[in-house]
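Okay, here's what each chain looks like letter by letter:
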Amino acid sequence: MRRQNLALVLGAVAAHGPLSRADAAAATGLTRAAVSSLVVELLQGGLVVELGPAPSGRVGRPGNALALSPRGPAGLGLEVGVEHLAACVVDLRGEVRAEARLPAANRGRPADAVLAELAGLAERVTAEARGLGLRPVGATLAVPGLVDAATGTVVRAPNLGWSALELPGTLLGLPLVAENEANLGALAELWQGGALDVVHVSAEAGIGAALVVGGRLFRGARGFAGELGHVPVRPDGPDCACGARGCLEQYAGEQAVLAAAGLDPAPEDQVGLLAARAAAGEPRVLAALEQAGTALGTALSGAVNLVDPAAVVLGGAYAELGAWLLPGMRRELAGRVLVRPWRPELLTVSALGRRGPLLGAALVTIRRILDDPGSAAASGPPRSAG
Ligand SMILES: [Zn+2]
């Protein structure tokens, strides 16, 4: 009961803060005495801070207002991409306080080497965060592939060449969980106030999607929902790495778009290369992106007809290609979605862009703390720097 009430009070501070104990009592339905006692625990755990009396003459902020702590428990987000590694630490307020990103050629690279380099990056950002008084209490890794969250196994990440890879249960002494990167991108959007029924597309080397239904991630029976990249666009199309033919990735995946554009892969950041050449108005690049947008729209129209989402969001690295992909996507959706008129503004580009999955990964721990403050408070007050 006390654990639940801790979560209630912390949730009120998160949703309405800064707020006084009296306002917290009103928001939660608990007595003022109960709130005061719970606040002592939240203060000791480093989860909330007192802002002190409002400056005189300033209205609207109550005396000794409570707010989420910018120090104390924090979440570590990690990402393995085909062309990069990234790590960030997010505080309880959801703000990124330390972040690092490295280009890395991870396609076909041994997983041990990838994870060792990632651990080095994680060490850097956690050291920086500790210097700011933050204390990471959990880590989540975003992976571009099928992840069995229950066992921490990457079942298959074709663009990395990983299969049946068991991840370690901890990293730098923190509990480590893995999650599909498209799911994390969708959760980041949702947790930042996005729509409750969404098809979220996340694309880079591969194309993934996540379904959010009624404000919850829809995982499917075995946890692998959202493999949009292997939805057929043309049943008699080119062979796909998955063993089927004519999948969306063969028309809109990064490699397919580069080939159609007549570009050699860059050493890193293929999407940046495509965006630069498209911005320069190269006709073959524009045509390749137009074709990719059309294929994405064709595949997505199936998903939209099936689940009737409030919004379709283009996230991941492809958010940077939105200017060139959206027209074809919108045209296909307008022509193929049964419930008319399909409104073009229902398809948007994620403001989080490439950062979405990494941010979502870090926010997994923050959401867990907000749902169960006792889990973080139990591990003690913030450690000093160093
Ligand atoms: Zn396929």
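Small disclaimer: the values here were computed from a predicted structure and weren't measured. (Residues numbered from 1 in each chain as written. Predicted model: local features only at pLDDT ≥ 70, side-chain atom pairs only at ≥ 80, totals over all residues. Heavy atoms only, no water.)

Caption draft 1: Representation of the pairing of strand β13 (residues 207-213) in the model. Of all seven residues making up β13, six are buried, and the element is well covered by its neighbours. Pairing of strand β12 (residues 198-203) with β13 involves six bridges; the strand directions are antiparallel. Paired with V198 across the bridge in β13 is V212. The sheet contact formed by β13 and strand β14 (residues 216-218) spans three bridges and is antiparallel. Its bridge partner being in β14, L211 is matched across the sheet by F218. Between β13 and β14, which pair antiparallel and follow one another directly, the connecting turn spans two residues, one of which, G214, has a positive phi of 60 degrees. (Buried < 20%, exposed > 50% of the residue type's maximum accessible area, 1.4 Å probe, protein only. Helix = DSSP H or I, 4+ residues; strand = E, 2+ residues; numbered from the N terminus. Pairing = 2+ DSSP bridges.)

Caption draft 2: How the structure looks around helix α7 (residues 254-261). Those residues of α7 not exposed but buried are E254, A256, V257, L258 and A261. Looking one or two residues beyond α7, the residue adopting positive phi is G262, at roughly 70 degrees.

Caption draft 3: The layout of surface pockets, seen in detail. By volume, the largest pocket amounts to about 420 Å³. In terms of lining residues, the largest pocket is bounded by 30 residues, among which P144, G145, N159, G206 and I207 are the most central. Of all the elements in the fold, those that place two or more residues in the lining of the largest pocket are β3 (72-80), β12 and β13. For the lining of the largest pocket, the domains that each give at least three residues are domain 2 (72-186 + 357-370) and domain 3 (193-351). Of the volumes computed, that of the second largest pocket is approximately 330 Å³. In terms of lining residues, the second largest pocket is bounded by 17 residues, among which V177, E179, L187, R219 and V364 are the most central. Listing elements by their share of the lining of the second largest pocket, those giving two or more residues are β11 (174-180), α5 (181-191), β14 and α11 (356-371). Split by residue class, the lining of the second largest pocket holds nine nonpolar, two polar and six charged. When we break the lining of the second largest pocket down by domain, the ones giving at least three residues each are domain 2 (72-186 + 357-370) and domain 3 (193-351). (1 Å grid on protein atoms, 1.4 Å probe; cavity = no way out; pocket = protein on both sides within 12 Å on 5 of 7 lines; lining within 4 Å. Points joined across faces, edges and corners; volume = space filled by probe spheres on them. Domains from an automatic or database assignment. Nonpolar A, V, L, I, M, F, W, Y, C, P; charged D, E, K, R; others polar.)

Caption draft 4: Molecular detail of the confidence of the model for the protein chain. Across the protein chain, the average pLDDT comes to 91, with 95% of residues at 70 or higher. Low confidence marks residues 378-386, where pLDDT is under 50. Its contacts with residues over four positions away, or in another chain, come to 13 contacts. (pLDDT = per-residue confidence, 0-100. Contact = heavy atoms within 4.5 Å.)

Caption draft 5: Broad picture of the sheet that holds strand β7 (residues 146-148). With antiparallel pairing, three strands are arranged side by side in an open sheet as β7-β8-β9. Unpaired on one side and paired on the other, β7 and β9 (162-166) mark the two borders of the sheet. Neighbour to neighbour, the strand axes of the sheet diverge by 10 degrees on average, direction disregarded. Bridge count between β7 and strand β8 (residues 153-157): three bridges; the pairing is antiparallel. Bridge pairing links V147 to V154 in β8. (Axes fitted to C-alpha atoms, helices over the stretch in contact; angles between N-to-C directions.)

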